Amino acid sequence: MLAAEAGAASAAFPILTAIVLVPIVGAALVALTPSSRPEMPKLIALISAVATAAMSIWLMASFETGEAGFQFVSKHTWIEPWGISWHLGVDGISLFLVVLTGILFPIVIAGIDPHHDEKPYLAWMLMLQAGVMGSFLSLDLFVFFIFFEIVLVPMYFLIGGWGYENRVYAATKFFLYTMLGSAFMLVGLIATVAIASDDLGRVTFDLVEIAEGADFAASTGRWLFFAFAIAFAVKVPIFPLHTWLPDAHTQAPTAGSVVLAGVMLKLGTYGLLRFGLYLFPEASYWSRSLWLTLAVVGIIYGAIAATMQKDLKRLVAYSSVAHLGFIVLGTFAFTTQSMSGSVIQMVNHGVSTGALFLFVGWIYERRKTRQIAELSGIQKVAPIFAAGFMVVMLSSIGVPGLNGFVGEFLILTGSFLTARWWTVVAAAGVILAALYLLWAYQRVFHGEPDGENANFPELRWKEGLTLLPFLGLIVFMGVYPKPVLDRIEPSIDALISHVEANTDYVEPEPSIVIGDHGAGDDSDDADEGEDG
């Protein structure tokens with residue numbers, strides 16, 4: 001099971017606590033810098049973000065491959081009468097989301113300028129990083145809820161303070177939607193702890209203790225599961241709770257869109273895995289048809305809506321609805337392949353879509369418009385810019401050899417075993433993704449550059465350095481995803497075993513086995529050939 005003591009259960013240095021606290025300290029120092037030192041906020045923010053990134057990379061390098069449990073666990077009593085503890089841990093499901101968060105923030109802080117009010121902007125960015133890190137690492141329900149809510153405040157101010165013309169409306173809509181979803185989770189969280197205390201003999205908010213020791217009645221578990229799932233469905237967002245996302249993306253500043261697509265939306269998909277399936281396996285399995293249907297509807301609807309958009313940034317925003325639908329599909333297909341694909345696709349979507357938002361932001365800075373009809377012929381005057389956009393676009397489509405293919409392939413092949421007709425319909429989303437992205441590329445980059453498009457500036461060196469990590473990850477994870485999958489799959493196997501132990505579900509044999517076949521497999525094949 002997902003025992004907290006498994007693997008490298010603890011570290012002499014509380015690395016996970018440091019990963020959460022360093023950005024918070026950095027945000028406080030940024031806020032306290034005197035106005036007479038205008039160069040200090042950026043320097044402090046970069047040092048904090050780079051230090052956090054370095055720790056997350058060290059975490060990945062030191063992570064024990066093949067271990068299913070939580071590693072580098074940090075657990076300290078916080079509010080003892082309520083059973084609340086500072087309990088952090090990382091496993092294969094959360095590891096690469098933590099690494100992606102660590103890498104993403106120094107890139108956007110260094111590579112994207114806010115143009116005004118830099119000090120509060122940088123402080124909010126660091127607080128956002130701390131909130132996201134805390135959400136991915138928390139193994140205490142109370143601590144998770146605190147961090148899950150903290151991320152709303154910085155993103156609200158980033159959209160409202162540094163966004164575009166309708167930024168206040170978009171920020172308010174984002175805040176209200178997500179707060180409403182979180183209200184359901186708060187009620188479900190308190191009820192879960194209260195009911196679990198009867199089985200455990202004491203009050204505790206510890207995720208592992210409740211998941212492994214509490215025995216919820218079927219009807220009770222289903223109500224509690226949906227209280228959590230509504231909050232996560234809004235955060236993903238799953239159709240039809242998605243309407244805040246296009247507005248938030250369109251009006252957010254470029255860095256806000258990159259972070260929102262890169263890691264914040266993953267709080268929803270991660271929450272469904274970590275808290276939905278783990279805490280309430282019976283309810284998750286019982287309601288799987290609903291989630292599979294909503295996922296497939298989101299895939300097709302998001303792709304069709306993206307095709308119809310006139311605003312390039314809004315097109316990319318709707319593409320997120322479709323891509324996240326694939327992640328939900330793989331999650332509720334309950335196979336090792338599909339769920340591993342969902343986890344790796346969370347990372348891949350963050351890289352590819354984050355890079356697309358970077359390009360859209362650069363286009364707006366150059367042309368002061370995102371209207372597709374007003375853009376044309378960019379490829380002729382800025383071929384390097386166009387080539388970079390094309391690579392990122394192809395990765396988002398899922399072209400073999402790039403990162404997007406790996407996740408979608410695993411999701412579709414794994415889901416076909418247990419959700420065949422949903423998968424067949426979802427496969428049409430791959431075709432539609434090629435349609436809306438290639439069509440958008442044709443209209444924006446092909447043709448003759450007219451008017452201001454004829455003077456479209458080429459990719460600058462600073463932009464190239466900002467883009468380089470994205471391109472490196474796109475190619476590396478597309479060509480050689482094995483190191484990532486080797487760390488993800490043991491935790492996924494343990495989660496599926498947990499579901500099987502609490503339901504009548506049995507995982508089917510995979511139709512495509514990824515890995516080496518032993519000699520025994522070869523002899524079996526030979527015997528079958530002789531029998532034939």
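Preceding block: the structure.
**Q** Any chance you could explain the side chain of His323 here in plain terms?
**A** Along the chain, His323 turns up in helix 15 (residues 312–332). With relative accessibility at 5%, the residue His323 sits in the buried group. Only 3.1 Å separates the side chain of His323 from the side chain of Ser396, close enough to count as a polar contact. Once residues lying within four places of it in the same chain are set aside, the contact partners of His323 are His349, Ser396, Glu408 and Tyr436.

**Q** Is there a simple way to think about the environment of Leu95 in this case?
**A** With respect to the helices, strands and loops of the structure, Leu95 is situated in helix 3 (residues 92–111). Residue classification places Leu95 among the buried residues on the basis of a relative accessible area of 0%. C-alpha separation for the pair Leu95 and Gly478, spaced 383 residues apart in sequence, amounts to 18 Å. Excluding its chain neighbours within four sequence positions, the residues that come into contact with Leu95 are Leu59, Met60, Phe63, Val90 and Arg487.

**Q** So what exactly am I meant to see when it comes to the pairing of strand 1 (residues 71–79) here?
**A** When a strand is regular, its side chains alternate between the sheet's two faces. The pairing of strand 1 with strand 2 (residues 84–90) spans six bridges and is classified as antiparallel. The partner of Thr77 across the bridge, within strand 2, is Ser85. In textbook terms, the turn of a hairpin is the stretch between consecutive antiparallel strands, and for strand 1 and strand 2 this stretch comprises four residues, one of which, Gly83, has a positive phi near 70 degrees.

**Q** It is not clear to me how the environment of Gly221 should be interpreted in this structure. Could you clarify?
**A** Position of Gly221 relative to the elements: it lies in helix 9 (residues 218–235). C-alpha separation for the pair Gly221 and Trp124, spaced 97 residues apart in sequence, amounts to 37 Å. Setting aside residues up to four positions removed in sequence, Gly221 forms contacts with Phe216, Phe280 and Ala283.

**Q** Help me understand helix 12 (residues 266–279) in this model?
**A** An α-helical turn contains 3.6 residues, so a residue and the one three or four places further along point in the same direction. Taking 1.5 Å of rise per residue, the 14 residues of helix 12 would be expected to cover 20 Å, and the 18 Å separating its terminal C-alpha atoms lies within 8% of that figure. Most pronounced at Leu272, the bend in helix 12 amounts to some 30 degrees. In terms of residue burial, helix 12 counts as a mostly covered element, since 14 of its 14 residues are buried.

**Q** What should I look at first to understand the packing of aromatic side chains in this one?
**A** Working definition: an aromatic ring pair is given by the centre-to-centre distance plus the angle between the planes. Overall, the coordinates contain 40 aromatic pairs when judged by the stated rule. Aromatic pair Phe228 and Phe232: ring centres 6.5 Å apart, planes at 35 degrees, arrangement tilted. In this pair, Phe228 and Phe232 both sit in helix 9, four residues apart, roughly one turn of the helix. The residues Phe228 and Phe232 share a single accessibility class, namely buried. Ring plane angle 50 degrees and centroid distance 5.7 Å describe the contact between Phe334 and Tyr505, whose orientation is recorded as tilted. With Phe334 in the loop between helix 15 and helix 16 (336–367) and Tyr505 in the loop between helix 22 (482–502) and helix 23 (519–531), the pair connects residues that are 171 residues apart, well separated along the chain. Residues Phe334 and Tyr505 agree in their burial class; the two are buried. Linked through ring pairs, Phe225, Phe226, Tyr285, Trp286, Trp291, Phe332, Phe334 and Tyr505 together constitute an aromatic cluster.

**Q** When you look at the pattern of salt bridges in this model, what are you seeing that I'm missing?
**A** When charged atoms on two side chains of opposite charge get close, those side chains can pair. Summed over the entire model, instances satisfying the criterion amount to 16 salt bridges. Here Asp206 and Lys75 are joined by a salt bridge, their closest N and O atoms 3.2 Å apart. Taken together, the residues Asp206 in the loop between helix 7 (167–200) and helix 8 (207–213) and Lys75 in strand 1 connect sequence positions 131 residues apart. The exposure class of Asp206 is buried, given its relative accessible area of 2%. Taking relative accessible area as the criterion, Lys75 reaches 43% and is therefore assigned partly exposed. The salt bridge partner of Glu448 is Lys380, with a shortest N-O separation of 2.5 Å. Residue Glu448 is located in the loop between helix 20 (420–445) and helix 21 (461–479), and its partner Lys380 is located in helix 17 (residues 378–381); the two are separated by 68 residues in the primary sequence.

The rules behind each value
Residues numbered from 1 in each chain as written. Predicted model: local features only at pLDDT ≥ 70, side-chain atom pairs only at ≥ 80, totals over all residues. Heavy atoms only, no water. Helix = DSSP H or I, 4+ residues; strand = E, 2+ residues; numbered from the N terminus. Buried < 20%, exposed > 50% of the residue type's maximum accessible area, 1.4 Å probe, protein only. Polar contact = N/O pair within 3.5 Å; in protein donor to acceptor, adjacent residues only side chain to side chain. Contact = heavy atoms within 4.5 Å. Pairing = 2+ DSSP bridges. Expected span 1.5 Å × (residues − 1). Bend = angle between axes of the 7 residues up to and from the residue. Phe/Tyr/Trp six-rings, centres within 6.5 Å; stacked < 30°, edge-to-face > 60°. Salt bridge = Lys/Arg side-chain N within 4 Å of Asp/Glu carboxyl O.

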